[in-house]
Protein chains: 2
Amino acid sequence: MPTTNLDRRVEARLAEHEVRYTSGRKAVIQALSEVEGPRSAAELSEIVGDSVPLSSLYRTLAVLEDAGVVAPHFSKNLARYELAEWLAGHHHHLVCIDCGTIDDIAIPETLEVRVEEIVTAIGDISKFRASNHALEVEGTCARCA
Amino acid sequence: MPTTNLDRRVEARLAEHEVRYTSGRKAVIQALSEVEGPRSAAELSEIVGDSVPLSSLYRTLAVLEDAGVVAPHFSKNLARYELAEWLAGHHHHLVCIDCGTIDDIAIPETLEVRVEEIVTAIGDISKFRASNHALEVEGTCARCA
DNA sequence: ATATAGAATGAGAATCGTTACAGATTTGTT
DNA sequence: AACAAATCTGTAACGATTCTCATTCTATAT
């Protein structure tokens, strides 16, 4: 089990939260780093196999979420997890209204700047202090089209 | 039970889908029209009381969603419903990272146009057919600030 | 190296929100 | 009133998630 750069960053973050970077947690991080978008516990279980039992998987996700290493997304009554933005980079979401799959999409800097301008404007007209944002685009994915 | 303008619009929409606008369905619509943001089945049950049993409430929400009268919103493993955008108006969401509350926010037309341009651009660079969108702004709400 | 304390694990039971089922009731039509 | 279809409702079933607790592991002190 090689220690990647990602591993090092996760380990450091977990250390701040005084929890260990165990092999089960490593397996989940590894799995999440290999897929495109958020994945449910069941989907992750498919990937990691018997090495991480379902009950441990759920607990692992809770620990990782708590430490800010992964972030949950909810759709169709089920939670899907992905690496937090400081690990995966800022991105937006394409949500398929047919199959529920969520794909990440990073947009060109020029567009991103325009999104940020809008978010700033929203902060100005509301009593809300914005710290992050995501554009959720709903529609039909290539597979369901 | 007076028939409001909202009732008439909902009734027409349901008629298109060949379902009736019964008193239970009316009660749910009424409840949703009186609150600020999305509400879960349990929360709605609190409002409508015994007049709509929980199992009926769930089925009612399914019927209304099917007809496009209400729209679900997922967070923390539970579905919250609100009136569809053609009834409540297009809006975005302010998600408080502290208390979890989601507030609706409608933005000025000039900003909305810019959001739509960005969504269109995203559709162009991906193989995704966008039908709707929502800007999810994360941050701290006035109460938690 | 070994002992020890705290952290982490794993199998199964329990819980929660939600859906499916089936019989009873209501509605519109004739 | 009589009928067929739509709707309702209590209960059972279900899937996703959380909890429990006995066991295993790990870091640290000795």
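Caption draft 1: Structural view of the overall build of chain A. Within chain A one finds 6 helices and 6 strands. Going residue by residue from the N terminus, the α and β elements of chain A occur as α-α-β-α-α-β-β-α-β-β-α-β. Dimensions along the principal axes, computed over C-alpha positions, put chain A at roughly 45 × 40 × 25 Å. Relative to its full complement of 145 residues, chain A shows a buried share of 43%. Carbon and sulfur atoms provide 48% of the accessible area of chain A, an area that totals close to 7600 Å².

Caption draft 2: Representation of the interface of chain B and chain A within the structure. Opposite the 40 residues of chain B that make contact, chain A presents 40 residues. Counting the surface chain B buries against chain A, the share from its top three residues, F74(B), I118(B) and F128(B), is 19%. Remark: the boundary between chain B and chain A carries 2 salt bridges. Residue R114(A) pairs with E117(B) through a salt bridge whose shortest N-O separation is 2.7 Å.

Caption draft 3: Structural context of the protein's contact with DNA strand D. Near DNA strand D you find 16 residues, and of these Y58(A), A79(A), R20(B), T22(B) and R59(B) are the closest. Taken together, the sugar and phosphate atoms account for 67% of what DNA strand D places within 4 Å of the protein. With respect to DNA strand D, the side chain of T22(B) contributes an N or O atom lying 2.6 Å from a phosphate oxygen. One of the side-chain nitrogen or oxygen atoms of S55(B) is found 2.9 Å away from a base nitrogen of DNA strand D. Of all the secondary structure elements, the ones that give two or more residues to the surface near DNA strand D are α4 (54-66) and β3 (78-83) of chain A together with α4 (54-66) of chain B. Per element, the largest residue contribution to the surface near DNA strand D is 3 residues, and it comes from α4(B). Looking at the surface near DNA strand D, its residues break down into 6 nonpolar, 5 polar and 5 charged.

Caption draft 4: Summary view of the domain arrangement of chain A. Residues and elements named next belong to chain A. Along its sequence, chain A is organised into domain 1 (1-87) and domain 2 (90-145). Relative to domain 2, the C-alpha centre of domain 1 lies at a distance of 23 Å. In this complex, domain 1 contributes 9 residues to the contact, which on the side of domain 2 involves 10 residues. Summing the contributions of domain 1 and of domain 2, the shared interface buries around 840 Å²; its carbon and sulfur component is 44%. Looking only at domain 1, the three residues that lose the most surface to domain 2 are R80, E82 and E85, adding up to 48% of its buried area.

Caption draft 5: Broad picture of the pairing of strand β3 (residues 78-83) of chain B. Residues and elements named next belong to chain B. Relative to β3, strand β1 (residues 39-40) is paired through 2 bridges, and the arrangement is antiparallel. Note on β3: the bridge partner recorded for R39 is Y81. If you look at the hairpin formed by strand β2 (residues 70-75) and β3, you'll find 2 residues sitting between the two strands, and K76 has a positive phi there, around 50°.

Caption draft 6: Looking closely at the relation of the copies chain B and chain A. When chain B is fitted to chain A, the residual RMSD is 1.1 Å, and the transformation amounts to a turn of 179° plus an axial shift of 0.2 Å. Overall, the copies show the geometry of a two-fold rotation axis. Here 100% of the interface residues in chain B have copies in chain A that are interface residues too; the copies meet face to matching face.

Caption draft 7: Molecular detail of unusual backbone geometry. With a phi angle near 60°, E18(A) is a residue other than glycine that sits in the positive phi range. Tracing the sequence through the fold places E18(A) in the loop between α1 (5-16) and α2 (23-34).

Caption draft 8: Inspection of α1(A) at higher detail. All names here are of chain A. Taking 1.5 Å per residue, 12 residues should reach 16 Å; α1 reaches 17 Å between its end C-alpha atoms and fits that length. Contacts from the buried residues of α1 go to α2, α4, β3 and α5 (85-88). Its side-chain oxygen at 3.3 Å from the backbone nitrogen of L6, T4 defines the N-terminal cap of α1. Two residues or fewer past α1, E18 is found with a positive phi of approximately 60°.

The rules we used
- Residues numbered from 1 in each chain as written.
- Chains lettered and ligands numbered in written order.
- Predicted model: local features only at pLDDT ≥ 70, side-chain atom pairs only at ≥ 80, totals over all residues.
- Heavy atoms only, no water.
- Helix = DSSP H or I, 4+ residues; strand = E, 2+ residues; numbered from the N terminus.
- Buried < 20%, exposed > 50% of the residue type's maximum accessible area, 1.4 Å probe, protein only.
- Areas by Shrake-Rupley, 256 points an atom, 1.4 Å probe, with all protein chains shown as cover.
- Contact = heavy atoms within 4.5 Å.
- Buried area = accessible area lost by both parts, 1.4 Å probe.
- Salt bridge = Lys/Arg side-chain N within 4 Å of Asp/Glu carboxyl O.
- Near = heavy atom within 4 Å.
- Polar contact = N/O pair within 3.5 Å; in protein donor to acceptor, adjacent residues only side chain to side chain.
- Nonpolar A, V, L, I, M, F, W, Y, C, P; charged D, E, K, R; others polar.
- Domains from an automatic or database assignment.
- Pairing = 2+ DSSP bridges.
- Least-squares fit on C-alpha atoms with pLDDT ≥ 70 in both.
- Expected span 1.5 Å × (residues − 1).

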